[in-house]
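Topology and contacts: notes
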Amino acid sequence: MVVYNRIMENKVTFHLSKFWRRVIALVCVVAMLVSMFSYLASVSISPEDGIGADTLARHDDFVNADAAERAQTAAASLFSRNQDFSTNYQKASVHIGKAEYEKALACIENCIELLKGTTVSTELSDDVWLKYGCLQAVLGQYDKALDGFAHMSAKSEYRSESELISAQIALERTDMPGAYTHLTAYLECAPQDATVYGLYANVCYYTQRIEQAQQWYEKAETAGIVLDGSEYLLWGMCLMDTGDYAGAQEKLSTALDSGYGDKGLCLSQLAVCSYLQGNYADVLEKGAQALEAGSETVDEGMLRFYMGMSAFSTEDYDTAISCFDAAQEKQCAEQGLWFYRGFSKMLKDDNAGAITDFTVCVDAQADLTDSALLYRGICYLQSGDTKKAREDLTLAVNSQDETVAKSAQNLLWQIP
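Note that the structure is predicted; figures quoted are calculated from it, not measured.

Our focus in this paragraph is the overall build of the protein chain. When helices and strands are counted, the protein chain shows 23 helices and zero strands. Across the 416 residues that make up the protein chain, the buried fraction comes to 47%. Partitioning the contacts of the protein chain with sequence separation of at least 6, the portion at a separation of at least 24 is 58%.

Spelled out as structure tokens, the structure:
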């Protein structure tokens, strides 16, 4: 009997019913608005700002004052000319301090209306729109928040804050491309903020920027950032995607040791790494541990399928059949399940069972159809049904797979 044992060489990944994501906390609005004068730290006063500002600009004590004094003087000049703006602005600050965000927003909206048609500094405009966007974000009005940030100048000193909040909004909406765009912009403004390196790496991974994700995980670790288990998990999956299975095992083991909540997911990915390295005994061990731990994010049918493939590869056909049966019960749709279970049954002299499984492959008209025809023909031969054996082998002779075609032809010559 010709034994045709083709082991699948495709890279293995698990299908996740959910995906993990980490969400950064909203930038604290109160902290961002801690001083009503902060935006004026480096403001330049032009003659158009009025007499008071023009007078202040001519005085050396103003020009040479420290940032806080200068900001306060400039703000006082503006407010003296527009008492309504000053009142609303100060009220907004008070409301923010009391976490009365709806009232604060109403005051900021009044400020925006009062600024229309006036000549004001870019710093002041950016500050007001930043507050508007932050307040809308806190109140859950994300589209309005983004619209507010869009009114800020391209080179605003507050761009980092607005980009970080915009990234948060994107993450809340599971908009990973948007999160990538805004976090990229944030890191352009604040490249030294290593605290977001891990998050940025995660977003790179979810937007299929695998090599970039690896680089940022490495940067985070180099910067002394303590990554959490979920980040080590994704880092390990990045390494799996690039073929560094030993490195992936190291990171996945770290995720497991760190107490990552989804123990079953870590173990199942470790089982995949072992499978890809040909360590089939470890696949069965880690797979069994993953099943015992349980996980809502692991496709149990696929896990049991690859456990079956591992048992098949070590010629433990009884275990393979048991794993394949369990995979089928979990609605595993992998065509290889029926082919390799059929092959295992054939080697266990269960020709009737093997024929049933090979028939599923033949009917599917998929990649394993020609091989299934060959081995179903062999099973028919061993069962004494030469007519059906000849029919299958005749079809298998036309296979594009040279090994299948030659094996089928050799068997046909042996049929009386």
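From this point, the narrative continues.
The next subject is the packing of helix 19 (residues 335-347) against helix 21 (residues 369-382). Direction vectors running N to C along helix 19 and helix 21 enclose 25 degrees, while the axes themselves pass 11 Å from each other. When the axis of helix 19 is compared with that of helix 21, the two are roughly parallel. Where helix 19 crosses over helix 21, the handedness of that crossing is left-handed. Taking contact as the criterion, the partners of Phe339, Phe343 and Met346 in helix 19 are, on helix 21, Ser371, Ala372, Tyr375, Ile378, Cys379 and Gln382. Partitioned by chemical class, the residues of the contact of helix 19 with helix 21 number seven nonpolar, two polar and no charged.

Before going further, it helps to examine the nonpolar core. One finds Phe339, Phe358 and Leu374 to be the most contacted residues of the largest nonpolar core, which totals 90 residues. Counting residues in each nonpolar core, the second largest holds 25 residues, with Leu130, Ala145, Ile165 and Ile169 among its members.

Considering all chains together, one arrives at 21 aromatic pairs under this definition. Ring centres 6.0 Å apart and planes at 15 degrees place the aromatic pair Tyr232 and Trp235 in the stacked group. Linking Tyr232 with Trp235, this pair stays in helix 13 (residues 229-241), spanning three residues, or about one helical turn. Owing to a relative accessible area of 11%, Tyr232 belongs among the buried residues under this scheme. What makes Trp235 buried here is its relative accessible area of 3%. Summarising the aromatic geometry, the rings of Phe305 and Tyr306 are spaced 4.8 Å apart at their centres and angled 75 degrees between planes, so their arrangement reads as edge-to-face. Comparing Phe305 with Tyr306 shows no difference in burial state: the two are buried. One Lys or Arg, Lys219, reaches over the ring of Trp216 and ends 4.0 Å from the middle of that ring. Across from the ring centre of Trp235, 4.0 Å away, lies the NZ or CZ of Lys251, which sits over that ring.

Turning our attention to unusual backbone geometry. The phi dihedral of Thr174 is positive, around 50 degrees, even though this residue is not glycine. Of note, Thr174 is situated in the loop between helix 9 (159-172) and helix 10 (176-189). With relative accessibility at 42%, the residue Thr174 sits in the partly exposed group. A positive phi is found at Asp349, a non-glycine position, where the angle reads about 65 degrees. In this structure, Asp349 sits in the loop between helix 19 and helix 20 (351-364).

So, about the side chain of Arg341. With respect to the helices and strands, Arg341 occurs in helix 19. The class of Arg341 is buried, set by a relative accessible area of 5%. For Arg341, the side chain forms a polar contact with the side chain of Asp357, separated by 2.9 Å. Leaving out residues up to four positions away in the same chain, Arg341 has contacts with Ile321, Phe324, Asp325, Gln328, Gly336 and Asp357.

For the rest of this paragraph, the subject is the packing of helix 6 (residues 101-115) against helix 7 (residues 122-138). At a minimum axis distance of 10 Å, the contact between helix 6 and helix 7 shows a crossing angle of 150 degrees. On the basis of their axis angle, the class for helix 6 and helix 7 is roughly antiparallel. You can see that helix 6 and helix 7 cross each other, and the crossing is left-handed. Where helix 6 approaches helix 7, its residues Tyr101, Ala104, Leu105, Ile108, Glu109, Cys111, Ile112 and Leu115 are matched on the opposing element by Leu124, Val128, Trp129, Lys131, Tyr132, Leu135, Gln136 and Val138. Of the residues that constitute the contact of helix 6 with helix 7, the class distribution is 13 nonpolar, one polar and two charged.

This next bit is on helix 12 (residues 210-222). Its 13 residues place the ends of helix 12 18 Å apart at the C-alpha level, agreeing with the 18 Å of an ideal helix rising 1.5 Å per residue. Here helix 12 has its buried residues at Ile210, Ala213, Gln214, Trp216, Tyr217 and Ala220. What you see down the axis of helix 12 is that its buried residues fit within an arc of 170 degrees, all on one side. For helix 12, the exposed residues set more than 90 degrees away from the buried face come down to Glu211 and Thr222. The inward-facing, buried residues of helix 12 abut helix 10, helix 11 (197-206) and helix 13. Immediately beyond the C-terminal end of helix 12, within one or two residues, lies Gly224, with a positive phi of roughly 85 degrees.

Relative to the helices and strands, Ala288 resides in helix 16 (residues 280-293). Along the primary structure Ala288 and Leu267 are separated by 21 residues, whereas in three dimensions their C-alpha atoms are 9.0 Å apart.

If you walk through the whole model with that rule in mind, you get 15 salt bridges. A single salt-bridge network, built from bridges that share partners, covers Asp325, Arg341, Lys345 and Asp357.

This part covers helix 6. Taking 1.5 Å of rise per residue, the 15 residues of helix 6 would be expected to cover 21 Å, and the 21 Å separating its terminal C-alpha atoms lies within 8% of that figure. When we look at burial in helix 6, the residues that qualify are Ala104, Leu105, Cys107, Ile108, Cys111, Ile112 and Leu115. Buried residues along helix 6 cover an arc of 165 degrees about the axis, so they all sit on one side. Note on helix 6: the residue one or two positions beyond its end, Gly117, has a positive phi of about 80 degrees.

As for its position among the elements, Ser86 is in helix 5 (residues 83-97). Relative accessible area serves as the criterion here: at 4%, Ser86 is assigned to the buried category. Note: C-alpha distance between Ser86 and Cys111 (25 residues apart in sequence) is 8.4 Å. A polar atom in the side chain of Ser86 sits 2.9 Å from the side chain of Gln90.

The rules behind each value
- Residues numbered from 1 in each chain as written.
- Predicted model: local features only at pLDDT ≥ 70, side-chain atom pairs only at ≥ 80, totals over all residues.
- Heavy atoms only, no water.
- Helix = DSSP H or I, 4+ residues; strand = E, 2+ residues; numbered from the N terminus.
- Buried < 20%, exposed > 50% of the residue type's maximum accessible area, 1.4 Å probe, protein only.
- Contact = heavy atoms within 4.5 Å.
- Axes fitted to C-alpha atoms, helices over the stretch in contact; angles between N-to-C directions.
- Parallel < 35°, antiparallel > 145°, perpendicular 65-115°, else oblique.
- Left-handed = near helix turned anticlockwise from the far one by under 90°.
- Nonpolar A, V, L, I, M, F, W, Y, C, P; charged D, E, K, R; others polar.
- Core = buried A, V, L, I, M, F, W, Y, C linked by side-chain atoms within 4.5 Å.
- Phe/Tyr/Trp six-rings, centres within 6.5 Å; stacked < 30°, edge-to-face > 60°.
- Lys NZ or Arg CZ within 6 Å of the ring centre and 35° of its normal.
- Polar contact = N/O pair within 3.5 Å; in protein donor to acceptor, adjacent residues only side chain to side chain.
- Expected span 1.5 Å × (residues − 1).
- Arc of directions from axis to C-beta.
- Salt bridge = Lys/Arg side-chain N within 4 Å of Asp/Glu carboxyl O.

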